[in-house]
Amino acid sequence: MPKEHKFGTMRKYRRVLFLSIVTFGIYYIIYQYWLFQDFEEHHEKAFETEPRAYPLITNPTTMLIFLFIFPFYPIYIKYTLLYDHIRTSCIQSPENCSIGIKAVLTFVILGACTFGIAPIVTESRWQRAFNEHILDHEHQQENIPERR
Ligand SMILES: [Zn+2]
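Residues numbered from 1 in each chain as written. Predicted model: local features only at pLDDT ≥ 70, side-chain atom pairs only at ≥ 80, totals over all residues.

Student: If you had to explain the packing of helix 1 (residues 13-22) against helix 2 (residues 26-46) to someone new, which residues and values would you point to?
Tutor: With their axes 6 Å apart at the nearest point, helix 1 and helix 2 run at an angle of 135° to one another. The angle between helix 1 and helix 2 falls in the class oblique. Here Val 16, Leu 19 and Ser 20 of helix 1 come into contact with helix 2, specifically with Tyr 27, Tyr 28 and Tyr 31. (Axes fitted to C-alpha atoms, helices over the stretch in contact; angles between N-to-C directions. Helix = DSSP H or I, 4+ residues; strand = E, 2+ residues; numbered from the N terminus. Parallel < 35°, antiparallel > 145°, perpendicular 65-115°, else oblique. Contact = placed C-beta atoms within 7 Å.)

Student: I'd like to hear about helix 5 (residues 100-113), residue by residue, with values.
Tutor: Its 14 residues give helix 5 an end-to-end C-alpha distance of 20 Å, which sits within 8% of 20 Å, the value for a rise of 1.5 Å per residue. Of all bends in helix 5, the biggest is about 35°, found at Phe 107. In the segment just after helix 5, Phe 115 is the residue with positive phi, at about 55°. (Expected span 1.5 Å × (residues − 1). Bend = angle between axes of the 7 residues up to and from the residue.)

Student: Explain helix 2 to me, and be specific about the residues and the numbers.
Tutor: The terminal C-alpha atoms of helix 2 lie 30 Å apart, and with 21 residues this matches the ideal 30 Å at 1.5 Å per residue to within 8%. Inspection of helix 2 places Tyr 31, Gln 32, Leu 35, Phe 36, Asp 38, Phe 39, His 42 and Ala 46 among the buried residues, and these make up the whole buried set. The buried residues of helix 2 occupy one face: seen down the axis, they fall within an arc of 145°. (Buried ≥ 20, exposed ≤ 12 C-beta atoms within 10 Å, placed from the backbone. Arc of directions from axis to C-beta.)

Student: Please give an account of unusual backbone geometry that cites residues and values.
Tutor: Trans peptide bonds make up most of the peptide bonds, and negative phi angles are found at most residues other than glycine. The phi torsion at Phe 24 lies on the positive side, around 55°, for a residue other than glycine. As for its placement among the helices and strands, Phe 24 is situated in the loop between helix 1 and helix 2. Non-glycine residue Phe 115 carries a positive phi angle of around 55°. With respect to the helices, strands and loops of the structure, Phe 115 is situated in the loop between helix 5 and helix 6 (117-143).

Student: Explain the nonpolar core to me, using residue names and the numbers behind them.
Tutor: For soluble globular proteins, the rule of thumb is that nonpolar side chains tend to be buried together. Ranked by internal contacts, the top residues of the largest apolar core, which has 21 residues, are Tyr 79, Leu 82, Cys 97, Trp 126 and Ala 129. Among the elements of the structure, helix 2, helix 4 (72-88) and helix 6 are those that each provide at least two residues to this core. In terms of residue count, helix 4 provides more of this core than any other element does, six residues in total. Those residues in contact with Leu 82, other than ones at most four positions away along the chain, are Cys 97, Trp 126, Ala 129 and Phe 130. (Core = buried A, V, L, I, M, F, W, Y, C linked by C-beta atoms within 7 Å.)

Next comes the structure, spelled out in structure tokens:
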């Protein structure tokens, strides 16, 4: 189950993958929608602790529509936003996801010839980077003394 944390929601990619296979991909589409909601949630909860970080704001509904019309666009946005957010945040997260264009190229070029394995690995790294970032927020918050 997705876990609610102080700075956002963490999801287990392995579970998502399993449920997606069982539902013939339908769960994966819903998962993409939730991720963009997770972005908004993280932005609301963590904004004050990282005011200079690249904001994780995008419209989940717009992204869902694009997923059907031109799926590379939401993929590109999802990677670019998280990559820039982690890179520019004062919360130090050692892990980051692929940059947007690299993720799209992995999907396009390596997708078919690796039987989907390369995109799945890229996706699981994306989720892991996001999960780690949420945890890093929590840990580094504890070390910062309360400001008056
Ligand atoms: Zn953050």
